[in-house]
Amino acid sequence: MATKRRLSNDSIEEDVDMNRISSSESLSSMKGKTDLEVNEEPLVHHDAGEFHGLIEHQTTAEQAEKLESGKVNPFTGETFSDRYVGILKVRRELPVHQQRQEFLELYQKNQIMVFVGETGSGKTTQIPQFVLFDEMPHLKGKQIACTQPRRVAAMSVAERVANEMDVKIGEEVGYSVRFEHKVSNKTILKYMTDGMLLREAMEDHDLTRYSCIILDEAHERTLATDILMGLIKQVVLRRPDLKIIVMSATLDAEKFQKYFNEAPLLAVPGRTFPVEVYYTPEYQKDYLDSAMRTVLQIHATEDEGDILLFLTGEDEIEDAVARLSLESDKLVREENCGPMKVYPLYGSLPPHQQQKIFEKAPEGYNGRPGRKVIVSTNIAETSLTIDGVVYVVDPGFSKQKVYNPRIRVESLLVTPVSKASAQQRAGRAGRTRPGKCFRLYTEEAFQKELIPQSYPEILRSNLSSTVLELKKLAPETMMRALEELYYLKCLDEDGNLTELGRLVSLYPLDPMLAVMLVKSCELKCAPEMLTIVSMLSVPNVFVRPGKDKKRADDVKSIFTHPDGDHLTLLN
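In short, a report on the structure. Because the structure is predicted, anything quoted here is derived from the model rather than measured. (Residues numbered from 1 in each chain as written. Predicted model: local features only at pLDDT ≥ 70, side-chain atom pairs only at ≥ 80, totals over all residues. Heavy atoms only, no water.)

## Observations concerning the overall build of the chain
Assigned secondary structure in the chain consists of 21 helices and 17 strands. A total of about 26,700 Å² of accessible surface is found on the chain, and carbon and sulfur atoms cover 52% of it. (Helix = DSSP H or I, 4+ residues; strand = E, 2+ residues; numbered from the N terminus. Areas by Shrake-Rupley, 256 points an atom, 1.4 Å probe, with all protein chains shown as cover.)

## A short note on the nonpolar core
Within soluble globular proteins, side chains that are nonpolar tend to cluster in buried spots. By size, the foremost hydrophobic cluster in this structure holds 50 residues, and its most contacted members are Ile-213, Ile-244, Val-246 and Val-504. Top contributing element to this core by residue count: helix 8 (residues 223–238), with 9 residues. Taken domain by domain, the makeup of this core includes at least three residues from each of domain 1 (61–268) and domain 3 (459–570). Grouped together as the second largest cluster of nonpolar side chains are 42 residues, Met-113, Leu-132, Phe-133 and Ile-188 included. (Core = buried A, V, L, I, M, F, W, Y, C linked by side-chain atoms within 4.5 Å. Buried < 20%, exposed > 50% of the residue type's maximum accessible area, 1.4 Å probe, protein only. Domains from an automatic or database assignment.)

## Observations concerning helix 4 (residues 100–109)
Where helix 4 is concerned, the buried positions are Arg-100, Phe-103, Leu-104, Tyr-107 and Gln-108. Projected down its long axis, helix 4 shows its buried positions confined to an angular sector of 120°, all on one face. On its buried side, helix 4 packs onto helix 2 (61–68), strand 2 (112–117), helix 5 (123–135), strand 7 (210–215), strand 8 (243–248) and strand 9 (265–268). (Arc of directions from axis to C-beta. Contact = heavy atoms within 4.5 Å.)

## Notes on the pattern of salt bridges
The full count for this structure, using the stated rule, is 23 salt bridges. Among the ionic pairs, Arg-150 bridges to Glu-220, the shortest N-O distance being 3.1 Å. With Arg-150 in the loop between strand 3 (143–148) and helix 6 (151–164) and Glu-220 in the loop between strand 7 and helix 8, this pair connects stretches of sequence that are 70 residues apart. Since its relative accessible area comes to 22%, Glu-220 is described here as partly exposed. The shortest N-O distance in the salt bridge between Asp-289 and Arg-293 comes to 3.2 Å. Of this pair, Asp-289 and Arg-293 both sit in helix 10 (residues 287–301), 4 residues apart, which is roughly one turn of the helix. For Arg-293, a relative accessible area of 31% gives the class partly exposed. In this structure, a network of salt bridges that share partners links the residues Glu-68, Arg-91, Arg-92, Arg-100, Arg-160 and Glu-164. (Salt bridge = Lys/Arg side-chain N within 4 Å of Asp/Glu carboxyl O.)

## Brief notes about the environment of Tyr-346
Relative to the elements of secondary structure, Tyr-346 occurs in the loop between strand 12 (340–345) and helix 12 (351–354). Assessed through its relative accessible area of 7%, Tyr-346 is described here as buried. Distance in space between the C-alpha atoms of Tyr-346 and Glu-314 is 6.5 Å, their sequence separation being 32 residues. Each residue touching Tyr-346, except ones within four places of it in the same chain, is listed here: Glu-314, Ile-317, Glu-318, Gln-354 and Thr-377.

## Focus: unusual backbone geometry
Residues other than glycine seldom take positive phi values, yet Lys-489 does so here, at roughly 65°. Checked against the element boundaries, Lys-489 lands in the loop between helix 16 (479–487) and helix 17 (499–504). The phi torsion at Lys-524 lies on the positive side, around 60°, for a residue other than glycine. Residue Lys-524 is classed as exposed on the basis of its relative accessible area of 75%.

## As for the environment of Gln-355
Inspection of the secondary structure puts Gln-355 in the loop between helix 12 and strand 13 (371–376). Taking relative accessible area as the criterion, Gln-355 reaches 8% and is therefore assigned buried. Gln-355 sits 12 residues away from Tyr-343 along the chain, and the two C-alpha atoms are 9.7 Å apart.

## Overview of the packing of aromatic side chains
Enumeration over the complete set of coordinates arrives at 12 aromatic pairs. Taking 6.1 Å as the distance between ring centres and 85° as the angle between the ring planes, the aromatic pair formed by Phe-103 and Phe-115 counts as edge-to-face. With Phe-103 in helix 4 and Phe-115 in strand 2, this residue pair connects regions lying 12 residues apart in the sequence. The burial state of Phe-103 is the same as that of Phe-115; both residues are buried. Here Tyr-278 and Phe-438 contribute two aromatic rings whose centre-to-centre distance is 4.9 Å and whose plane-to-plane angle is 15°, an arrangement assigned as stacked. One end of the pair, Tyr-278, is in strand 10 (residues 275–279); the other, Phe-438, is in strand 17 (residues 435–439), and 160 residues separate them in sequence. Taken as a pair, Tyr-278 and Phe-438 share a single burial class, namely buried. Site record: aromatic cluster; members linked through ring pairs are Phe-103, Tyr-107, Phe-115 and Phe-130. The side chain of Lys-233 reaches across the aromatic face of Tyr-259, ending 4.1 Å from its centre. Seen from the ring of Tyr-107, Lys-243 lies directly overhead, with NZ or CZ sitting 5.0 Å from the centre. (Phe/Tyr/Trp six-rings, centres within 6.5 Å; stacked < 30°, edge-to-face > 60°. Lys NZ or Arg CZ within 6 Å of the ring centre and 35° of its normal.)

## Regarding the packing of helix 7 (residues 194–203) against helix 8
Look at helix 7 against helix 8: their axes get within 9 Å of each other, and the N-to-C directions meet at 40°. Relative to helix 8, the element helix 7 is oriented oblique. Of the two possible hands of crossing, helix 7 and helix 8 adopt the one that is left-handed. Note on element contacts: helix 8 touches helix 7 through Ala-224, Thr-225, Ile-227, Leu-228 and Leu-231, opposite Asp-194, Gly-195, Leu-197, Leu-198 and Ala-201. Looking at side-chain class alone, the contact of helix 7 with helix 8 contains 7 nonpolar, 2 polar and 1 charged residues. (Axes fitted to C-alpha atoms, helices over the stretch in contact; angles between N-to-C directions. Parallel < 35°, antiparallel > 145°, perpendicular 65-115°, else oblique. Left-handed = near helix turned anticlockwise from the far one by under 90°. Nonpolar A, V, L, I, M, F, W, Y, C, P; charged D, E, K, R; others polar.)

## What about the packing of helix 5 against helix 6?
The relative placement of two packed helices comes down to the angle between their axes together with the axis-to-axis distance. One can describe the packing of helix 5 onto helix 6 by two numbers: an axis separation of 10 Å at closest approach and a directional angle of 55°. Classed by the angle they form, the pair helix 5 and helix 6 counts as oblique. As for the relative orientation of helix 5 and helix 6, their crossing is right-handed in sense. Residues Thr-124, Thr-125, Gln-126 and Gln-129 of helix 5 lie in contact with helix 6, whose contacting residues are Val-157, Arg-160, Val-161 and Glu-164.

## Some points on the side chain of Glu-316
Its location among the elements puts Glu-316 in helix 11 (residues 314–335). There is no salt bridge for the buried Glu-316, and the closest opposite charge comes from Lys-399, which lies 7.2 Å off by N-O distance. What Glu-316 contacts, discounting residues up to four positions off in sequence, is Tyr-287, Leu-288 and Leu-311. (Lys, Arg positive; Asp, Glu negative; His and termini not counted.)

## Thoughts on helix 11
The first and last C-alpha atoms of helix 11 sit 30 Å apart over 22 residues, in line with the 32 Å expected at 1.5 Å per residue. The complete set of buried residues in helix 11 reads Glu-316, Ile-317, Ala-320, Val-321, Leu-324, Ser-328 and Leu-331. One face of helix 11 carries all of its buried residues, which in axial projection span an arc of 130°. Exposed residues on helix 11 whose side chains face more than 90 degrees from its buried face are Asp-315, Leu-326, Arg-333 and Glu-334. Packed against the buried residues of helix 11 are helix 10, strand 11 (306–310), strand 12 and strand 13. Directly beyond the C-terminal end of helix 11, a positive phi value near 60° is found at Asn-336. (Expected span 1.5 Å × (residues − 1).)

## Topic: the pairing of strand 9
If a strand is regular, its side chains alternate between the two faces of the sheet. Only one face of strand 9 is buried, namely the one carrying Leu-266 and Val-268, since none of Leu-265 and Ala-267 on the opposite face is buried. Both strand 2 and strand 9 contribute to a ladder of 4 bridges, which runs parallel. Across the sheet, the residue bridging to Phe-115 is Leu-266, located in strand 9. (Pairing = 2+ DSSP bridges.)

So far we have only geometry, and geometry alone does not tell us how the molecule works.
Here you go:
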């Protein structure tokens, strides 16, 4: 529900209640092993008869709730902690719990189903647990997988669900993301990035380890999720025992239903409050400056509540954080406003700094509220939910990955968001109480200029790495990608994988970088090439803070090499 109002020229979002991410190392028994190696170990489980009498795919919500309300954890045999009881009470107030029995009936009767849960419904944390009590995977040596588009979400949700189930993270509940996993041979519920499940599918074509696979945030249409949906559609034909749940936060899920042969759909409303939407009367030439002024005006004039500002990337965010921090100090001194803490949030931010966004807002004084401001990329649209946010400032832009197949260059471009993204952003303001969303563009621009949905990542990405993975599963005819792989000698003239191609496909790298790495052994420059490839595979290591750009440039110049960026990175 939204009320539309206009702004004067001067005044210019899963569903997961996430706790702090533990950044500790993997369990000692799993140290040094890849996730695929852990998957090869036989599963062990607790079974003292807690599930005796329950029949797979015939359980009821009442039976599951009885086990949840008992004194002993049915998955570990240990007594439930006091904290568990408090968390269980909160869980049962989530909207998704009201339709638990309806979900189970639909799930049990169908191999594939589509689940739509709006913001605040609790789908990401609760649905996998509902499935656990019905599948009882630990009694048959299977696991439940739940995919997330972003690693931060996969790690955070796993941590939260482990707390809700009163188990240790890495044991019954674990996560698997690129370069880090926390799973063991006790793990029965695994949160993972869609890319990790895709890599598992390369080695185990039928995904035999899983009895149910949940594709969460499917509406984001990431490259890996789209490819997974194509593979899973074939896998279910070979494995009638495998259950699939496609979960989306938006109501345009008909496309998923149609793709999976008219799979049934269950929709659960979110726990959201009304959000008033404000537009600017005219186009804003400098959206960054408008965003700064809007945030400061909200702090000076509005009631208590935290602010979420969406910007496009790291440099822009760090610059905004620095400016807002300075201006807020000025407001405290000159206008007697309450204190304001400003936190950045973007993908390459170190985990310990990401956790600061969950800290409480500073205490107010003199009757003026203290406030927390989070300046974020579109990572906060759906993957992360920050309780306490009442005001959203949306300039209407995001960075999108775009690939030009003619010159074979992939780049990030600042582009207008879609209507769906704008609605997701506004929804972040109505999480805990009625909120306000300030859109820094006109209502006419929203209605006429924004596209309904963002273009799927598969339409704007370099597909060569994806095609190489798919060549291990099925033949494809994507000519540009095949041409590049042939040029790299990963494919022969008939389009078949060469020995080099098979070797390259084992590396979670762009094929061009993987070939460089493999060939470096022949050319006796492996250590140097390993360094360069590593540096090219992570976000820019040269940080350029907005308030210290000259010093950062001076330090970078020490490493600069006249022959180009690659040797600069090597230095």
